[in-house]
Amino acid sequence: MIARAPRNLSALLVLGIPLLWIVVFMLLPYGIIVTYSFWLKSYPTFKPAFQFGNYLTLLTDVQYLQVLGRTLKISILVSILSLGLAYPFAWWLVFRCRSQALRTWAYMAVIAPLWVSYLLRAYIWKTILGTEGILNSFLMSTGLISEPSSLFLYNQFAMVVTLTYIFIPFMVMPIYTALERIPLNLAEASADLGMGPVQTFLKVTLPLSTPGIAAGFTLTFCLSFGDFIAPFLVGGPDGNLIASVIQTQFGAALNWPLGSALSIVMLIIVLAIVSLSDRLEATAHTGAA
Amino acid sequence: MKKTLTAMLTLGLAAGPALAEGTVNVLTWEGYADPSFITKFEEESGCKVSATYVGSNDDFAPKLLGGGGIYDLITPSIDTTALMIDLGLVEPLDTAAITGWNDIYPKFLSQEGIQRDGAYYGMPYVWGAIAFMYLDSAFPTPPTSIADLWNPELKGKISLWDDKSSIYVAARKNGDMDIYNLTDEQIEKAKAALVEQKPLVRKYWATAGELVDLYKAGEVVISNTWAGYQSGLLKAEGVKVTEFIPKEGAEGWMDSWMVVKDTPNKECAYKFLNMQLSELGQCGVANVNGYSVANAAAAKACMPAEQYAALHQDDPNYLDSLQVWQALGDRFEAYTNAWNAVKAQ
Amino acid sequence: MAAIIELQRISKHYSKTIIGVDDVSLDVEDGEFVTLLGPSGCGKSTLLRMIGGFEAPTHGMIRLAGQDVTHVPPYRRDVNMVFQDYALFPHMTVGENIAYGLKIQGRSRAQARDMAVDALALVGLPDKIDQKPAQLSGGQRQRVALARAIVRRPKVLLLDEPLSALDARLRDQMRIEMKHLHEKVGITFIMVTHDQEEALTMSDRVVVMEKGRVAQDGRPQDLYDQPASPYVANFIGTTNFVAGSLTGRSPAGTRIASAAGDFTATADLALPQGAEVTLGFRPEKVRLLAEGETAANVVPGRIAEVIYYGLGLRTTVELAGGTQVHVDCLLPDSLARSAVPQPGAPVRLGIEPHNVFVFAGRVAA
Ligand SMILES: Nc1ncnc2c1ncn2[C@@H]1O[C@H](COP(=O)(O)OP(=O)(O)O)[C@@H](O)[C@H]1O
Ligand SMILES: [Mg+2]
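Residues numbered from 1 in each chain as written. Chains lettered and ligands numbered in written order. Predicted model: local features only at pLDDT ≥ 70, side-chain atom pairs only at ≥ 80, totals over all residues. Heavy atoms only, no water.

A short note on the overall build of chain A
Moving on, step 1. Along the backbone of chain A there are twelve helices and two strands.
Moving on, step 2. Order of helices (α) and strands (β) in chain A, N terminus to C terminus: α-β-β-α-α-α-α-α-α-α-α-α-α-α.
Moving on, step 3. Radius of gyration (C-alpha) of chain A: 24 Å, far over the 19 Å computed for a compact globule of 289 residues.
Moving on, step 4. Summarising its shape, the C-alpha atoms of chain A cover approximately 75 × 65 × 35 Å along the three principal directions.
Moving on, step 5. When the 289 residues of chain A are sorted by exposure, 46% land in the buried category.
Moving on, step 6. A separation of at least 24 residues holds for 69% of the contacts in chain A among residues at least 6 apart in sequence.
Moving on, step 7. Between the centroid of the 14 positive side chains of chain A and the centroid of its 10 negative side chains there is a distance of 11 Å. (Helix = DSSP H or I, 4+ residues; strand = E, 2+ residues; numbered from the N terminus. Rg over C-alpha atoms; globule rule 2.2 N^0.38 Å. Buried < 20%, exposed > 50% of the residue type's maximum accessible area, 1.4 Å probe, protein only. Contact = heavy atoms within 4.5 Å. Lys, Arg positive; Asp, Glu negative; His and termini not counted. Charge placed at Lys NZ, Arg CZ, Asp CG, Glu CD.)

Digging into the sheet that holds strand E5 (residues 67–68) of chain C
All names here are of chain C.
Moving on, step 1. Ordered in space as E2-E1-E4-E5, the four strands form an open sheet in which the pairing is antiparallel. Single-partner strands in this sheet number two, and they are strand E2 (19–29) and E5.
Moving on, step 2. Two elements, strand E1 (residues 3–13) and strand E4 (residues 59–64), share five bridges in a ladder whose sense is antiparallel. The residue of E4 that forms the bridge with Glu 6 is Arg 63.
Moving on, step 3. Across the sheet, helix H1 (residues 44–52) is in contact with E1, E2 and E4; its angle to E1 comes to roughly 120°. (Pairing = 2+ DSSP bridges. Axes fitted to C-alpha atoms, helices over the stretch in contact; angles between N-to-C directions.)

Examining the UniProt feature "transmembrane region" (unreviewed entry) in chain A
Moving on, step 1. As annotated in UniProt, the feature "transmembrane region" (unreviewed entry) corresponds to residues 12–39, 74–93, 105–124, 157–179, 213–234 and 254–276 of chain A in the numbering used here.
Moving on, step 2. End-to-end, the C-alpha atoms of residues 254–276 of chain A are 34 Å apart, and along that stretch the chain is 91% helix and 0% strand. (UniProt positions renumbered as here; feature names shortened; annotations may be inferred.)

Overview of the UniProt feature "domain: ABC transmembrane type-1" (unreviewed entry) in chain A
Moving on, step 1. UniProt records the feature "domain: ABC transmembrane type-1" (unreviewed entry) for residues 68–277 of chain A in the present numbering.
Moving on, step 2. A helix fraction of 76% and a strand fraction of 0% characterise residues 68–277 of chain A, whose end C-alpha atoms lie 21 Å from each other.

Considering unusual backbone geometry
Moving on, step 1. In this structure, Asp262(B) is a non-glycine residue whose phi angle is positive, near 60°.
Moving on, step 2. At Arg153(C), a position not held by glycine, the phi torsion is positive, near 50°.
Moving on, step 3. Relative to the helices and strands, Arg153(C) is located in the loop between helix H4 (138–150) and strand E7 (156–160).

Focus: the site of ligand 1
Residue and element names in this part refer to chain C.
Moving on, step 1. Close to ligand 1 lie Tyr 14, Ile 18, Gly 20, Pro 39, Ser 40, Gly 41, Cys 42, Gly 43, Lys 44, Ser 45 and Thr 46, which account for all nearby residues.
Moving on, step 2. Contact between ligand 1 and Tyr 14: a nitrogen atom at 3.1 Å from a side-chain N or O atom of the residue.
Moving on, step 3. Separating an oxygen atom of ligand 1 from a backbone N or O atom of Gly 41 is a distance of 2.6 Å.
Moving on, step 4. Here ligand 1 has 560 Å² of accessible area as a free molecule, and 60% of this is covered by the chains. (Near = heavy atom within 4 Å. Polar contact = N/O pair within 3.5 Å; in protein donor to acceptor, adjacent residues only side chain to side chain. Areas by Shrake-Rupley, 256 points an atom, 1.4 Å probe, with all protein chains shown as cover.)

Quick notes on the confidence of the model for chain B
Residue and element names in this part refer to chain B.
Moving on, step 1. Mean pLDDT over chain B stands at 89; residues scoring 70 or higher make up 93%.
Moving on, step 2. Per-element confidence in chain B ranges from a low mean pLDDT of 37 for helix H1 (residues 2–21) to a high of 97 for helix H7 (residues 184–197).
Moving on, step 3. With pLDDT under 50 throughout, residues 1–20 is counted as low confidence; its partners more than four residues away or in other chains account for one contact.
Moving on, step 4. Across the assembled chains, the prediction reports ipTM 0.84 with pTM 0.83. (pLDDT = per-residue confidence, 0-100.)

Section: the packing of helix H5 (residues 118–129) of chain A against helix H6 (residues 134–141) of chain A
When two helices pack together, you describe them by how their axes are tilted relative to each other and by the distance separating the axes.
All names here are of chain A.
Moving on, step 1. The geometry of H5 relative to H6 is characterised by a closest axis approach of 4 Å and an angle of 30° between their N-to-C directions. Regarding the angle of H5 to H6, the classification is roughly parallel. Across the interface between the two elements, Thr 127, Ile 128 and Leu 129 from H5 touch Ile 134, Leu 135 and Asn 136 from H6.
Moving on, step 2. Each residue belonging to the contact of H5 with H6 can be placed in one class, and the counts come to four nonpolar, two polar and no charged. (Parallel < 35°, antiparallel > 145°, perpendicular 65-115°, else oblique. Nonpolar A, V, L, I, M, F, W, Y, C, P; charged D, E, K, R; others polar.)

A word on the sheet that holds strand E11 (residues 240–250) of chain C
All names here are of chain C.
Moving on, step 1. In space, the five strands of this open sheet follow the order E13-E12-E11-E14-E20, with antiparallel pairing throughout. One side of each edge strand has no neighbouring strand; the edge strands of this open sheet are strand E13 (261–265) and strand E20 (357–360). The mean inter-strand angle of the sheet, taken between neighbouring strand axes irrespective of direction, is 40°.
Moving on, step 2. The sheet contact formed by E11 and strand E12 (residues 253–258) spans six bridges and is antiparallel. When the bridges of E12 are listed, Leu 246 appears paired with Ile 256.

As structure tokens, then:
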């Protein structure tokens, strides 16, 4: 008993510090937000209460569902576009790129922007997509259009493009890792057993890379879902996303209870996506283990 | 080792209060504590100024509520000052301790937003109009009306401030001139007008720099603006724009210095207020931001005639034509909610 | 019997300097068990992969059952492969792995499952159909890989070092099982290995490869008894080499003189008198002669070293001229142990002429 005490103490420290961290920096803030979400807005601030009025507002005032719907749409589009670009790229890198140097180089080219400030990267797209931007100058020099188009910037298209560009490394990395872990001879075995390249891809490569796809999709989706910089920089009048609305509620509207309720809804959606992808990865893993 | 530590601690304790007494922490707009005139103040008064900048009036309350206590002075606009008083964040001013108080334009001293129970809580500092602005090259005939921001021919070339102010703009366009006391119905109408305008809008601007960028990049040709500020920046960049007050009138704004409740740095705070209302502070800020100032006598003394005229310092009609912002009180939510609903569409 | 596989002057040049396979021609009879044997890097896998369709030859033609398949992709060849590390699909059960290639052959789901059950029974794993590969041992995976390959009844089964990942005991057992499997299913097996013992015990025919070429091709005992070159003689079993020169022919055979003494060999080489040759004889085909005993070839020497290895003794003998050779002798009973030769003792080696190989030229010792 006595001999055990110090060991318990060190165990307490080893487990206790991370636990304390989680409590102080994760559970506590969430707890506060959950609490606020039941409070009442009351000029000039808000007062403690326990009522579901804020959640009800989110359901009944169509503006919140509108923004939520748009945010879901944008995030899904970003994830799909990222997947559509990242998967062939990663596949090419892993299975088709013969030169090791080229592979490293191409991989770094996609990942490197992560080390550049987010704001700067988003800003770059402003200069590319703008009315007097690079894309317009290029299109005009090729003669495809005769006068600059304003269709590229300050709309949802620009947001999807910018967010895809910014978050695509988070899609490439897990997919690349997943593909790289697939032994090359599995594709040969599949061909050996009579399957053409397309079937081999569908039956072997794709299923074995689902953990990577799930991880990439979750990352890009959640990152886009919580973004408020892209709408601010390249979004147009119809570009309001949920995070900007939350920001407004905590700032301009000084309605922390409503902002908190929105945050909780957002958190629930994100957690749902994460657990869904976890389950997908888990089923894929029982096989690959 | 231990000795050094003790020594350092003692030093720290000794230096602590002295340092605090000589410092004034201000939460304000960019330009209001510009080194071009603050440095001189610091030298003369012995008070060190430490400034934190806000991007919007909405930043004051959250910053002070969220465990504030580190700011001594703030400069909310006239529609936000009452909220600061209601929230109990600021304390009454000792106007007798402020030289030049009586030289402030009566129009500003009479604002309700800075008074409560016979006491003043805010010291008027600078003012201006939420004017409108257009790109010279885009308009052979200069625009004269708010309705020009609803002109379908300007589709994709219009910008509007991302603020509840857009409700004021839309209401005036609808002919509802009592913009700070709109009924629900009138707000609904303003909202409808803004929704109608939405397809024409290139971008709602949120910061001064953003509006400047929009004009510079050729994205927009007409918008509202903080009179004097963005047009000045654009002119410096060689972009030719002109400000105008539409026939529906414009909102006026005015920023006041307020003392945060129970500040320990009262002495420096009052020295600072006196400086800001003096010629040093008034012409200082007018030169940096291009805003008009609240102290008529100081303006007359320190401004060249040209600037004095350009800033409408001696133009009672101009000042009277402005609908100075008012606190919306419990109507605040109706306005912001309407504006958020427009943006959500 | 007809040739199921015909390789006609096949080469694979990976680059100007890297040559995987160099001008190989080979016919494999239907139902045969052929082994490609050689040291690592000699081109065995490359040759096998070209038969499977995973590599295209840079020269030559491959025929499968009479059809030119040189440029036919693997999924259109009636050939299946057991990969070195099995290449089982980790996300599928054993049953799904085995049935994988059956759907495309037009089998129904039920049919495929029945065939998988049968194939598993054939390789002795009847109860593992619903497990994932990760839950199996190395040997079990090996059997699943076999079952997956044979279930499609290919014309030819290719096996790339199929036993190399198993431990020694399991390897011995699997050798026998695979040989039985070959007899049972009647499919042509082409196996790659670097293990000569594996090659000799399992196959009907062994193709010894050297630097991308075929060094010798024949039945195991022919390769052992009549190696075509010192390379083969040394790769299969152990051989002692003695440098010599052809001195003439007699009714008893070819006569060769060497520093260690004169030899008579049954083998006859079309070489002129005085030609430089290399003699070879296997350690177990040499006797240490007792007093008064004699043999067709008697070579004197001195014992340099004796190593006891349970079954018998390996004696190193130094011959006149300095060449050292090995002599293996069994110890039939305990009595003989007293007669164990001692280092330094003079001995006489007796070698029958038909046990003496003669190769043209000299080899570095
Ligand atoms: N994909 C390849 N690219 C270049 N050289 C290769 C490739 N595959 C094999 N080689 C070379 O070809 C030769 C034969 O290889 P391999 O057939 O694998 O030998 P083995 O199976 O007999 O060990 C070796 O020199 C090897 O380095
Ligand atoms: Mg090999």
